[in-house]
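If you want the building blocks of each chain, they are given just below.
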Amino acid sequence: MAKQENSEDQEYKARSVALRLLARREHSRQELTLKLRQRQLDHSVISKVLDDYENEDWLNDNRFAEVYSRQRIDLGYGPLKVMAELQQRGIHSLPDCVEELADADWVRNALLLREKRFGLTDLSNEWDEKARQARFFSRRGFTGNQVERVLEVSKPDDPAVYPGL
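Conventions used here
- Residues numbered from 1 in each chain as written.
- Predicted model: local features only at pLDDT ≥ 70, side-chain atom pairs only at ≥ 80, totals over all residues.
- Heavy atoms only, no water.
- Helix = DSSP H or I, 4+ residues; strand = E, 2+ residues; numbered from the N terminus.
- Buried < 20%, exposed > 50% of the residue type's maximum accessible area, 1.4 Å probe, protein only.
- Contact = heavy atoms within 4.5 Å.
- Phe/Tyr/Trp six-rings, centres within 6.5 Å; stacked < 30°, edge-to-face > 60°.
- Lys NZ or Arg CZ within 6 Å of the ring centre and 35° of its normal.
- Expected span 1.5 Å × (residues − 1).
- Arc of directions from axis to C-beta.
- Salt bridge = Lys/Arg side-chain N within 4 Å of Asp/Glu carboxyl O.

Caption draft 1: Representation of the side chain of Arg 72 in the model. Looking at the secondary structure, you find Arg 72 in helix H4 (residues 61-74). Taking relative accessible area as the criterion, Arg 72 reaches 17% and is therefore assigned buried. Beyond its immediate chain neighbours, meaning those up to four positions away, Arg 72 contacts Tyr 77, Val 82 and Glu 85.

Right, dumping it as structure tokens:
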């Protein structure tokens, strides 16, 4: 009898904790699993609760991936960083918002970030500054090709570097 009450207790706790976390923001299934495991809940209880929440569409990895990706893109992160962070959270397919962005869109995002953070100056003779900015964009998850193109721009409307900008 006591074992059944303990099982129901754990399920109630798992449901309430998971629902409270989902009320704050979207989570991936992997994130919720880790957070519930930290609370010493049984794996079977966690799986049952999360399966129920997925059936109710309260937990949706695709929706999480879309929301998370858009937030990270808006904060100025590049495609490599966004994809790596999604994989860390258990998402192994690209959301539509990332797939829809062409390379030119990523370059445009990086260029806006460069203009805001460093200003658009000619870096052709300033190797130290160019390397510093390149490291910044690499840490932000932009590809080498995207970083090169962004660092070549010295004016906001420079069509010589990339015609689509």
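Caption draft 2: Summary view of the packing of aromatic side chains. Here the structure, examined in full by the defined rule, presents six aromatic pairs. Ring geometry for Phe 137 against Phe 142: centres 5.9 Å apart, planes inclined by 70°, an arrangement best described as edge-to-face. Of the two residues, Phe 137 and Phe 142, neither departs from the other in class, the shared state being buried. Joined through ring pairs, the aromatic side chains of Phe 118, Phe 136, Phe 137 and Phe 142 make up one cluster. The ring of Tyr 77 carries the charged tip of Arg 72 above its face, separated from the ring centre by 4.1 Å.

Caption draft 3: Region of the structure containing unusual backbone geometry. One non-glycine residue, Gln 40, lies in positive phi territory at about 65°. Within the secondary structure, Gln 40 sits in the loop between helix H2 (29-37) and helix H3 (43-55). Look at Gln 40 and you get exposed, because its relative accessible area is 66%. One non-glycine residue, Asp 57, lies in the positive phi region at around 65°. With respect to the helices, strands and loops of the structure, Asp 57 is situated in the loop between H3 and H4.

Caption draft 4: Main features of H3. Over its 13 residues, H3 extends 18 Å from the first C-alpha to the last, a length consistent with the 18 Å expected when each residue adds 1.5 Å. The set of residues buried in H3 consists of Val 45, Ile 46, Val 49, Leu 50 and Tyr 53. Taken end-on, H3 shows its buried residues confined to a sector of 120°, consistent with a single buried face. Of the exposed residues in H3, the ones pointing more than 90 degrees away from its buried face are Ser 44 and Asn 55. A positive backbone phi angle near 65° is found at Asp 57, which sits one or two residues after H3.

Caption draft 5: Here's a closer look at the environment of Arg 63. Note on placement: Arg 63 falls in helix H4. Judged by relative accessible area, Arg 63 falls into the partly exposed class, the value being 27%. Expressed as a C-alpha distance, the spacing of Arg 63 and Glu 26, which sit 37 residues apart in the sequence, is 7.7 Å. Setting aside its immediate chain neighbours within four residues, Arg 63 contacts Glu 26, Asp 57 and Trp 58.

Caption draft 6: Expanded view of helix H7 (residues 103-117). Between its terminal C-alpha atoms H7 stretches 21 Å, which fits the 21 Å expected from 15 residues at 1.5 Å a residue. When H7 is considered as a whole, its buried residues turn out to be Ala 104, Trp 106, Val 107, Ala 110, Leu 111, Leu 113 and Arg 114. Residues of H7 that are buried sit in contact with H4, helix H5 (79-88), helix H6 (96-99), helix H8 (127-139) and helix H9 (144-152). Remark: Gly 119 follows H7 within two positions and exhibits a positive phi of approximately 85°.

Caption draft 7: Fine view of the pattern of salt bridges. In the structure shown here, the tally under the stated rule is 15 salt bridges. When the shortest N-O distance is used, the salt bridge between Arg 108 and Asp 105 registers 3.0 Å. Here Asp 105 and Arg 108 lie together in helix H7, a separation of three residues that amounts to about one turn. The partly exposed category is assigned to Arg 108, whose relative accessible area is 31%. Looking at Asp 105, the relative accessible area reads 24%, which means it is partly exposed. Here the salt bridges do not stand alone but share partners, grouping Glu 11, Arg 15, Lys 48 and Asp 52 into one network.

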